[in-house]
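Structural features, examined
One letter stands for each residue in the lines below.
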Amino acid sequence: MRGAVITTCWGPHSLCEEKLLSTFLSEPWDFLRASGSSYQIIEGPKNATVLEGTEARFNCTISQGWRLIMWALNDTVVLSITPTEPIITNDRFTSASYEEGSNSISEMIIHDVQLQDAGRIKCSLQNSDRDASAFLSVQVMGELLIPRGNLIVPEDKPYNVTCHALGWIPLPGISWEIGVPVSHSSCYSGLEPDDLQSAVSILTLTPQGNGTLTCLANMKGLNAHKSVTVNLTVVQPSWVQNKAIARARLLKNKKKKKKKRKKEEEEEEKEEEKRKKREKRTKGKRKKKKKQCFTAFAK
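Numbers given for residues are sequential positions, taken from 1 along each chain in its written order. Only residues with pLDDT of at least 70 are given local features in this predicted model, and only at 80 or more are side-chain atom pairs given and counted; all residues enter the totals for whole chains, interfaces and linings. Hydrogens and waters are ignored; side-chain quantities use all the structure's heavy atoms.

This paragraph deals with the sheet that holds strand β4 (residues 69–73). At least two DSSP bridges between two strands are required for those strands to pair. Here a helix means four or more residues in a row that DSSP labels H or I, a strand means two or more in a row labelled E, and each is numbered from the N terminus. Reading across from one edge, β2-β10-β9-β4-β5-β6 is the order of the six strands in this open sheet, with mixed pairing throughout. Edge positions in the sheet fall to β2 (48–51) and β6 (86–88), since each of these pairs with one other strand and no more. Neighbour-to-neighbour, the strand axes of the sheet open up by a mean angle of 25°, direction not taken into account. Here an angle of 0 to 180 degrees is reported between the N-to-C directions of two axes, which are lines fitted to C-alpha atoms, with helices fitted over the stretch in contact.

Our next topic: a negative patch on the surface. Note on patches: the residues involved have over 30% relative accessible area and no salt bridge, like charges join within 9 Å, and the nonpolar side chains Val, Leu, Ile, Met, Phe, Trp and Tyr join within 5 Å. For accessible areas, the Shrake-Rupley method is used with a probe of radius 1.4 Å. Any residue's cover is judged against the shown protein chains and nothing else. The term salt bridge refers to a side-chain nitrogen of Lys or Arg lying within 4 Å of a carboxyl oxygen of Asp or Glu. In this count, Lys and Arg are taken as positive residues and Asp and Glu as negative ones, while His and the chain termini are left out. Note that the charge is assigned to NZ on lysines, CZ on arginines, CG on aspartates and CD on glutamates. There is a patch of like negative charges on the surface, built from Glu266, Glu267, Glu268, Glu269, Glu271 and Glu273. Relative to the helices and strands, Glu269 resides in helix α3 (residues 237–298).

Now for unusual backbone geometry. Both trends apply: most residues other than glycine have a negative phi, and most peptide bonds are in trans. Residue Pro170 is reached from Ile169 by a cis peptide bond, and omega for that bond is -10°. Structurally, Pro170 is set in the loop between β13 (159–166) and β14 (173–179). One non-glycine residue, Asp75, adopts positive backbone phi at about 70°. Note on placement: Asp75 falls in the loop between β4 and β5 (76–81). Non-glycine residue Arg148 carries a positive phi angle of around 75°. One can find Arg148 in the loop between β11 (143–145) and β12 (151–154). Arg148 gets classed as exposed once you look at its relative accessible area, which sits at 70%. Relative accessibility thresholds used throughout: buried, under 20% of the residue-type maximum; exposed, over 50%; partly exposed, between the two (1.4 Å probe, protein chains only).

This brings us to the side chain of Ser198. Positionally, Ser198 belongs in strand β16 (residues 195–207). Take Ser198: its relative accessible area is 2%, and that puts it in the buried class. Contacts between residues were defined by any pair of non-hydrogen atoms, one from each residue, lying within 4.5 Å. Once residues within four sequence positions are removed from consideration, Ser198 is found in contact with Ala165, Leu166, Gly167, Leu171, Gly190, Leu191 and Glu192.

Let's shift gears to the pattern of salt bridges. Tallied over the entire structure, the rule returns nine salt bridges. The partner of Arg261 in a salt bridge is Glu264, and the shortest N-O contact between them spans 3.6 Å. Of this pair, Arg261 and Glu264 both sit in helix α3, three residues apart, which is roughly one turn of the helix. Taking the relative accessible area as the measure of exposure, Arg261 reaches 42% and is therefore partly exposed. Looking at Glu264, the relative accessible area reads 33%, which means it is partly exposed. Its salt-bridge partner being Arg261, residue Glu265 comes within 3.4 Å of it at the nearest N-O pair. With a gap of four residues between them, Glu265 and Arg261 both fall in helix α3, about one helical turn apart. Residue classification places Glu265 among the partly exposed residues on the basis of a relative accessible area of 35%. In this structure, a network of salt bridges that share partners links the residues Glu55, Arg57 and Glu107.

Here you go:
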């Protein structure tokens, strides 16, 4: 019967595929009608990994005859497209359309991607149980810093330089670019002892001249990185010792001045309290004297 083509396949896949193909070629219209619709998703979206704050784009290729395309993020429809126009409910989710031969390509664009956007992206058609899915991964580029900034270190003495990567998702790979002459250098990278969500890298070097040190953090899976550079100046060890002594003296003098100033302020407060008490006693005496004069006059 021409209007009811039912194809059942058992056995090896090659025989099954051959039987389905011959059925479709001989009765294409009945085959499509039996499958539930005359249009289908030819190619679905691809997995994507993007940086937070950037754009993510997903394409869905559909054959002719569709009436409504729906894009969902984590099972919530965020964008719908009709043959004439898109239905936008959130400005962060927009669309673009292209033609590829007799097929249509629907593109969903997510602007200013946020970490909470990570998850399943689904393209589906109205009145069809067919859909295609992909996964969106979002990475976060955090802070990268070398404490204390530019460095003054003793010449030809081992010195540790620390670089911190804070707030990265996932944690980056950290490397160093050494732009100073050294007799030895090595580095260790790992998790922050007190913060397992941050990474630290410690560069140990023995500098023999001036130059720069650059700490680089590379995102995993993306062509994105961040770097921080500091100047390194070497001095004779005696100069460093003298500078440390001078700094200690300066801090000591600051503490003395602060203590002296505090004592002076306390004395000023005491004098102010005494002055207020004297003024209060003087006002009391004047008031009493006026009262006595008024009583004498009344008699």
